Amino acid sequence: MAKIKITQVKSKIGSTDRQKKTLEALGLNKINATVEHEATPQIKGMVAKVQHLVSVVE
């Protein structure tokens, strides 16, 4: 399965509690933090919920 790199580019301040928890579940806690995950449907769905806060490189 393909890997994707997810980088947090905006602050989570002002986001909903659900979006904050999604970022936390992805392993992101600071701006410019980068994590690498498998491109599963679950991860893609989580990224879609916070797409305005992150950038994704496949």
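Residues numbered from 1 in each chain as written. Predicted model: local features only at pLDDT ≥ 70, side-chain atom pairs only at ≥ 80, totals over all residues. Heavy atoms only, no water.

The name given to the protein in an unreviewed UniProt entry is Large ribosomal subunit protein uL30, with Labilibaculum manganireducens as the source organism. The annotation that UniProt attaches to the protein under Sequence similarities (unreviewed entry) is "Belongs to the universal ribosomal protein uL30 family." (UniProt positions renumbered as here; feature names shortened; annotations may be inferred.)

Peer 1: Looking at this structure, I do not really get the nonpolar core. What am I missing?
Peer 2: When a protein is soluble and globular, its nonpolar side chains tend to lie buried together. The biggest cluster of nonpolar side chains holds 13 residues, and the ones touching the most others in it are Ile6, Leu26, Leu28 and Val54. Mapped onto this core, the elements with two or more residues apiece are β1 (3-8), α1 (17-26) and α2 (41-49). Not counting the four nearest positions on each side in its chain, Val54 is found in contact with Ile6, Thr7, Gln8, Val9, Leu23, Leu28 and Val47. (Core = buried A, V, L, I, M, F, W, Y, C linked by side-chain atoms within 4.5 Å. Buried < 20%, exposed > 50% of the residue type's maximum accessible area, 1.4 Å probe, protein only. Helix = DSSP H or I, 4+ residues; strand = E, 2+ residues; numbered from the N terminus. Contact = heavy atoms within 4.5 Å.)

Peer 1: Mind showing me how you'd approach the side chain of Gln8 here?
Peer 2: Mapping Gln8 onto the fold places it in strand β1. Look at Gln8 and you get buried, because its relative accessible area is 2%. Within the structure, the side chain of Gln8 is placed 3.0 Å from the backbone oxygen of Lys10, a separation counted as a polar contact. Once residues within four sequence positions are removed from consideration, Gln8 is found in contact with Leu23, Leu28, Asn29, Lys30, Ile31, Asn32, Ala33, Leu53 and Val54. (Polar contact = N/O pair within 3.5 Å; in protein donor to acceptor, adjacent residues only side chain to side chain.)

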